[in-house]
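Each chain is listed here by its residues.
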Amino acid sequence: MIVEDFGAVLNGPVLLEMGRSSGCSPLGYLIFLLLPQLPTLGAGPLGSLRAASPVLAFLGGEAGLSCHLPAPVDPEEAEVTWLRARTSRVVHVFRDGQDQEGEQGPEYRGRTALEKDGLLEGNVTLRIRHLRLSDRGEYRCLLQVDSANPQNATVALEVAALGSDPAILLEGSESGWIRLVCRSCGWLPEPRVRRRGTEGEPVPRLSRCQARDGAGLFHTETSVTVRASSPGIISCHIRNVAPSQGKMAIMATAGRPPHEDSEDHPGLERPFKRACVPVSSRLSPSAMALAVILPALGLLIAVGIYVLWQQHKSKEMLLYQQVLEIEELLSDHRKEKGKLHRTIKKLRGELKLKRAAANAGWRRARLHPVDVTLDPDTAHPKLVLSEDRRRVKHGDHRRDVPDNPERFDYVVSVLGSQRFTAGSHYWEVHVGNKTKWILGVCSESVSRKGKITASPLTGHWVVRLSRGNEYEALTSPQTPFRLKNPPRRVGIFLDYEAGVVSFYNVTDETHIYTFTYPFSGPLRPFFEPCLHDEGKNAAPLIICPVSRESGELAKGPSPSPEAPRAMEKKVSLGTNGPLARPRPTPDQYPLKDMILSWPSDVAPALQGFRAPSF
């Protein structure tokens, strides 16, 4: 018996056969064919949006409804709405580049997804998962781009179900006749039954019963009577025509279909005619063995074919599932790639703003120069200071100096003579090609004896260079960072009220690092030239004079050992002479005017930053 699914295929032969079974006229077939197209025909011209062919999917599976465009559409500019054509129930809404889950019906939440990348290829595709019987029907796609008139198209969705494996049962026998019943349930659309008998001929008439269950699926049952006197094979085939898939059951019997005109049992169905074959009254043993072996061999062949068909079907289903998983992974990859590109673009913009703010911060810092000198009473015994107290380096021998409480006895460091308790202060230190150094500020109350772990918790706000190219801020734990250009001169800016200590690369005028901390008590400049490292780090740290001018002093070449004195003379002569007043530069304008002149896109990067006081 073969069940054929004709409800999902809108072709001529299937509709005509349905008409015969229900008594409809040919005019009814034409109306049935035109019904799915009525919403589209009545909607007027659809513009450039075209609907795809009707979609057939299995119950519990996934379906893709598509409308086609001749040209791609930007997902950020498109608004797509999917509705049920007859009830206008909202199925899915896509707007502003995102799915609007709050606007769709509760029965579709979590089951729909719009292929956004398909818009770039000219397709408007909606995926519906976990299909239900209630999902059958027509869907309308509405597409609007910018302020243009919305376009619409209608797509039909049919849901099919592959029922259970058919079972052939023996129900009753009487006077050499047996009644065979083939049952199966869970089919959609309604199946039709065929059967083949012992000789392989189709059976034109069967006792048939079909009904819907509570879920709307069809239950089919067919029966036939055969004579129990001869061996035979009964096969039951059930198949959906539209998806071209079906199921089969085979049963071997000892009987064959009776003669339709037999008078033995007039109350039983006799749909077969007996074949007139002369039979010898006496059968040889070889003929009897052949009569037994051939049916058994045919049964084994049929079982083998069925098993191979089932294996092939399983492989096809597995391959189909793998294809779906690969498509889903590719879709997720495209989404993540788009998110990554947007994030990188945003970070680049933020970095550009922060760099602009940092460069502006260095120019403002230079408006607060301070003359810093070294305090010899705090210098480690192995440190060698110049007479003008602006240069310090590590010596080869330990000097004979008093061991006062202010002097470092373990860390080869020295402090500046100045003490800062308020205001803003800026100074620059020439580091040249040194491979190790530590610069910054520290609290006056830091420990001077024994080993010290520098961090803001111990009153140190310093940065360090080690091994020639490894930079880090001595936080807890340390914060490593990279510099594109190694600094030859380092600028240090302290804003006491704002709690800010910033470091700048004067060589290329870029920001290095910034500490933020609520200061209390006096702060002093901190210098550590580190060990001379067998001559590789023997160069001194040199405190450079800083001017408010934006000319050659800040960007000029590194000073020679005699440069500090020459620069001191130049500064002293310049400040005492009547013609030494520098010409006003943009860096000397009030900070308020500078901020007003900045572009508006720099403002987000300066949120929370406290400007230095004058």
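Just so it is clear, the structure is predicted and the values come from calculations on it, not from any experiment.

**Quick look at the sheet that holds strand 7 (residues 112-114)**
Line of reasoning, step 1. Strand order across the open sheet formed by four strands is 1-3-8-7, with antiparallel pairing between neighbours. Both edges of this open sheet fall to strand 1 (50-51) and strand 7, since each of them pairs with a single strand only.
Line of reasoning, step 2. For strand 7 and strand 8 (residues 123-128), the ladder comprises three bridges, and the chain directions are antiparallel. Residue pairing for strand 8: A113 is matched across the bridge by R127.

**Some words on the packing of aromatic side chains**
Line of reasoning, step 1. This model, assessed by the stated rule, comprises 12 aromatic pairs.
Line of reasoning, step 2. Relative to W309, the ring of Y306 has its centre 6.2 Å away and its plane inclined at 35 degrees; by these criteria the two rings are tilted. Taken together, the residues Y306 and W309, both in helix 5 (residues 285-365) and three residues apart, mark about one turn of the helix.
Line of reasoning, step 3. Its relative accessible area of 34% is what places W309 among the partly exposed residues.
Line of reasoning, step 4. With 5.1 Å between their ring centres and 80 degrees between their planes, W461 and F519 make a pair best called edge-to-face. Taken as a pair, W461 in strand 23 (residues 460-466) and F519 in the loop between strand 28 (510-516) and strand 29 (523-528) lie far apart in primary sequence, 58 residues in all.
Line of reasoning, step 5. The exposure class of F519 is buried, given its relative accessible area of 12%.

**Focus: the sheet that holds strand 5 (residues 90-95)**
Line of reasoning, step 1. The sheet built from six strands is open, its strands ordered 2-10-9-4-5-6 with mixed pairing. Among the strands making up the open sheet, the edge pair consists of strand 2 (55-58) and strand 6 (98-99).

**Side note on a nonpolar patch on the surface**
Line of reasoning, step 1. A surface patch of nonpolar side chains, about 700 Å² in accessible area, is lined by L290, I293, L294, L297, L300, I301 and I305.
Line of reasoning, step 2. Tracing the backbone through its elements, the reader meets L294 in helix 5.

**A look at the layout of surface pockets**
Line of reasoning, step 1. Of the voids in this model, the largest pocket is the one considered here, and its volume is about 1100 Å³.
Line of reasoning, step 2. Along its surface, the largest pocket is lined by 35 residues, and E62, R127, L324, E327 and E328 are the ones closest to its centre.
Line of reasoning, step 3. Those elements that provide at least two residues to the lining of the largest pocket are strand 2, strand 7, helix 4 (116-119), strand 8 and helix 5.
Line of reasoning, step 4. With 14 residues, the top contributor of residues to the lining of the largest pocket is helix 5.

**A short note on the confidence of the model for the chain**
Low-pLDDT stretches of the model should not have their predicted coordinates read in fine detail.
Line of reasoning, step 1. Taken over all residues, the pLDDT of the chain has a mean of 75, while the share at 70 or more is 70%.
Line of reasoning, step 2. Confidence, expressed as mean pLDDT per element, reaches its minimum in the chain at helix 1 (residues 12-22) with 33 and its maximum at strand 29 with 97.
Line of reasoning, step 3. A low-confidence stretch, residues 1-47 (pLDDT under 50), is modelled with 79 contacts involving residues beyond four sequence positions or located in other chains.

Parameters at a glance
- Residues numbered from 1 in each chain as written.
- Predicted model: local features only at pLDDT ≥ 70, side-chain atom pairs only at ≥ 80, totals over all residues.
- Heavy atoms only, no water.
- Pairing = 2+ DSSP bridges.
- Helix = DSSP H or I, 4+ residues; strand = E, 2+ residues; numbered from the N terminus.
- Phe/Tyr/Trp six-rings, centres within 6.5 Å; stacked < 30°, edge-to-face > 60°.
- Buried < 20%, exposed > 50% of the residue type's maximum accessible area, 1.4 Å probe, protein only.
- Patch = residues over 30% accessible without salt bridge, like charges linked within 9 Å, V, L, I, M, F, W, Y side chains within 5 Å.
- Areas by Shrake-Rupley, 256 points an atom, 1.4 Å probe, with all protein chains shown as cover.
- Salt bridge = Lys/Arg side-chain N within 4 Å of Asp/Glu carboxyl O.
- 1 Å grid on protein atoms, 1.4 Å probe; cavity = no way out; pocket = protein on both sides within 12 Å on 5 of 7 lines; lining within 4 Å.
- Points joined across faces, edges and corners; volume = space filled by probe spheres on them.
- pLDDT = per-residue confidence, 0-100.
- Contact = heavy atoms within 4.5 Å.

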